[in-house]
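A closer look at the structure
One-letter residues, chain by chain:
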Amino acid sequence: NIPPQLGELSNLTELRLGNNRLSGSIPHELADLGNLQILRIETNQLSGSIPIEVGELVGLTDLRLPENNLSGSLPAEIGQLTNLEKLDLSSNHLIGQVPDNLRSLTALRDARGLDLCGNSLSTMDPLVDDFVRLKQSGKGDWEACQYGFSDDLELGDFSVWWLRCPYLFERLEWSLGAHEMAMST
């Protein structure tokens, strides 16, 4: 688990906890890190929702929480992070609508500044849809990269989305004899 006491490190500017097999939820106390510019907690086993308090980290330029088990909706408070240059929430279990105020994240780099693929997100507002497509260009049709989740993902289900998202993988190994699949990004 991520210790809530990390929120007491008020001078912290970077917090990188990727690939540590961390579980549990993201502590709300991280919002107390007023000087934080980079928050990267990718490729762990975090669960629960993204805390709305993340919107208080207005100095963030890089927020990456991909490849966890985060669920729920994408908090509208993320739209308050107007200094963000990189936002990666890919490969989680996020559902619902992309908040309209995500368009206020104008500092996001074009063509890969945003990655929402691998969730079950959608847009209703054409302006939000255009914004997401611009910031996530190079990833093909971002809506095609949204998919539902199952604990028992079978190859038939897998092939439905991976063919539409080939950029997700740099290496794909599949052994027919062993019925195993290994992927790396």
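Residues numbered from 1 in each chain as written. Predicted model: local features only at pLDDT ≥ 70, side-chain atom pairs only at ≥ 80, totals over all residues. Heavy atoms only, no water.

**So, the pairing of strand β6 (residues 69-72)**
Where strand β4 (residues 45-48) meets β6, 2 bridges bridge the pair, whose relative direction is parallel. When the bridges of β6 are listed, Gly-48 appears paired with Leu-70. Bridge count for β6 against strand β8 (residues 93-97) is 2 bridges, and the pairing is parallel. Paired with Gly-72 across the strands is Leu-94, a residue of β8. (Pairing = 2+ DSSP bridges. Helix = DSSP H or I, 4+ residues; strand = E, 2+ residues; numbered from the N terminus.)

**Some words on the confidence of the model for the protein chain**
Taken residue by residue, the protein chain gives an average pLDDT of 81. The fraction at 70 or more is 74%. Within the model, pLDDT remains below 50 along residues 148-185, and this stretch shows 47 contacts once partners closer than five positions in the same chain are excluded. (pLDDT = per-residue confidence, 0-100. Contact = heavy atoms within 4.5 Å.)

**Structural notes on a negative patch on the surface**
On the surface, Glu-8, Glu-29, Asp-32 and Glu-56 cluster together to form a negatively charged patch. Mapped onto the elements of the fold, Glu-56 is located in the loop between β4 and β5 (62-64). (Patch = residues over 30% accessible without salt bridge, like charges linked within 9 Å, V, L, I, M, F, W, Y side chains within 5 Å. Areas by Shrake-Rupley, 256 points an atom, 1.4 Å probe, with all protein chains shown as cover. Salt bridge = Lys/Arg side-chain N within 4 Å of Asp/Glu carboxyl O. Lys, Arg positive; Asp, Glu negative; His and termini not counted. Charge placed at Lys NZ, Arg CZ, Asp CG, Glu CD.)

**Things to note about the sheet that holds β5**
Here we have 5 strands laid out as an open sheet, ordered β1-β3-β5-β7-β9, and parallel in their pairing. Either end of the sheet is taken by a strand with one partner, and the two such strands are β1 (14-16) and β9 (114-115). Looking at chain direction, strand β3 (residues 38-40) and β5 are connected through 3 bridges and run parallel. The residue bridging Arg-40 from the neighbouring strand is Arg-64, located in β5.

**Section: the pairing of β8**
Sheet analysis places β8 next to strand β10 (residues 120-122), joined by 3 bridges and oriented parallel. By the bridge assignment for β10, Ile-95 is matched with Ser-120.

**Points about the nonpolar core**
Counting residues in hydrophobic clusters, the biggest one holds 36 residues, and the most contacted among them are Ile-41, Leu-63, Ile-78, Leu-87, Leu-89 and Leu-105. Setting aside residues up to four positions removed in sequence, Leu-105 forms contacts with Ile-78, Gly-79, Leu-81, Thr-82, Leu-84, Leu-87, Phe-131 and Lys-135. (Core = buried A, V, L, I, M, F, W, Y, C linked by side-chain atoms within 4.5 Å. Buried < 20%, exposed > 50% of the residue type's maximum accessible area, 1.4 Å probe, protein only.)

**Here's the deal with unusual backbone geometry**
The backbone phi angle of Thr-43 is positive, close to 55 degrees, even though this residue is not glycine. Tracing the chain through its elements places Thr-43 in the loop between β3 and β4.

**Observations concerning the sheet that holds β8**
Read from one edge to the other, the open sheet built from 5 strands follows the order β2-β4-β6-β8-β10, with strand pairing classed as parallel. In the strand order of this sheet, the two ends are held by β2 (23-24) and β10, each with one partner. Strand direction decides the pairing type here: β2 and β4, joined by 2 bridges, are parallel. For Gly-24, the partnering residue across the bridge sits in β4 and is Leu-46.

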